Amino acid sequence: MRAYSARGLVYYDRGDDDRAITDFSKAIELDSQNADAYNNRGMAYFRKGDDDRAVSDFTQVLQLKPNESYAYFWRGLIYLAKGDDDSAISDLTQMIQLRPDSTSAYF
């Protein structure tokens, strides 16, 4: 499982989102409680513009780790881009509550 996650990160860093998604998906298949793999796959989906899958993965991260502030941040940005202002405000407010020192949520 760790090897798939690690290799997925290398692919992600190289900009090869399709291969990264494949590896993160395999890591999730082997450990469905792997919040990091969901988060990383969500980032790859986000970068590809597959917002619905990214939201789904960030939502899964938050089910596994309710205090994962950056999952709220990224999901909030997607909601904002989709015009769902209420959901965006809710997620970004949660990010601020969890990480009041982070400038990202205020941006």
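Here the structure is shown first, and the text comes after it.
Our subject in this report is the structure included herewith. Predicted, not measured: the structure shown is a model, and the values here were computed from it.

Cut-offs used in this document
- Residues numbered from 1 in each chain as written.
- Predicted model: local features only at pLDDT ≥ 70, side-chain atom pairs only at ≥ 80, totals over all residues.
- Heavy atoms only, no water.
- Helix = DSSP H or I, 4+ residues; strand = E, 2+ residues; numbered from the N terminus.
- Rg over C-alpha atoms; globule rule 2.2 N^0.38 Å.
- Buried < 20%, exposed > 50% of the residue type's maximum accessible area, 1.4 Å probe, protein only.
- Contact = heavy atoms within 4.5 Å.
- Core = buried A, V, L, I, M, F, W, Y, C linked by side-chain atoms within 4.5 Å.
- Polar contact = N/O pair within 3.5 Å; in protein donor to acceptor, adjacent residues only side chain to side chain.
- Axes fitted to C-alpha atoms, helices over the stretch in contact; angles between N-to-C directions.
- Parallel < 35°, antiparallel > 145°, perpendicular 65-115°, else oblique.
- Left-handed = near helix turned anticlockwise from the far one by under 90°.

A few words on the overall build of the chain. When you go through the chain residue by residue, the secondary structure sums to seven helices and zero strands. Taken from the N to the C terminus, the helices and strands of the chain come in the order α-α-α-α-α-α-α. The C-alpha radius of gyration computed for the chain amounts to 14 Å, which stays within 12% of the reference 13 Å derived for 107 residues, consistent with globular compactness. In terms of principal-axis extent, the alpha carbons of the chain reach across some 35 × 25 × 20 Å. Across the 107 residues in the chain, those meeting the buried criterion constitute 39%. Counting only contacts in the chain whose residues sit at least 6 apart along the sequence, the fraction spanning at least 24 positions is 39%.

On to the nonpolar core. Formed by 25 residues in total, the largest nonpolar core has its most connected members in Tyr12, Ala20, Ala54, Phe58, Ala71 and Ile78. Elements represented by at least two residues in this core include exactly helix H1 (2-13), helix H2 (17-30), helix H3 (35-48), helix H4 (51-64), helix H5 (69-82) and helix H6 (85-98).

Moving on: the side chain of Asp57. Within the secondary structure, Asp57 sits in helix H4. A residue is classified by how much of its surface remains accessible, and Asp57, at 3% relative accessible area, is buried. Reaching out from Asp57, the side chain makes a polar contact with the backbone nitrogen of Gly42 at a distance of 3.4 Å. Every residue in contact with Asp57, bar those within four places of it in the chain, is listed here: Tyr38, Arg41, Gly42 and Tyr45.

Axis separation between H5 and H6 bottoms out at 8 Å; the angle between their running directions is 160°. In terms of axis orientation, H5 runs roughly antiparallel to H6. Between H5 and H6 lies a crossing whose hand is left-handed. Contacts between H5 and H6 involve Ser69, Tyr70, Tyr72, Phe73, Arg75, Gly76, Tyr79 and Leu80 from the first element and Asp85, Ser87, Ala88, Asp91, Leu92, Gln94, Met95 and Leu98 from the second.

Worth remembering: the numbers are spatial, not functional.
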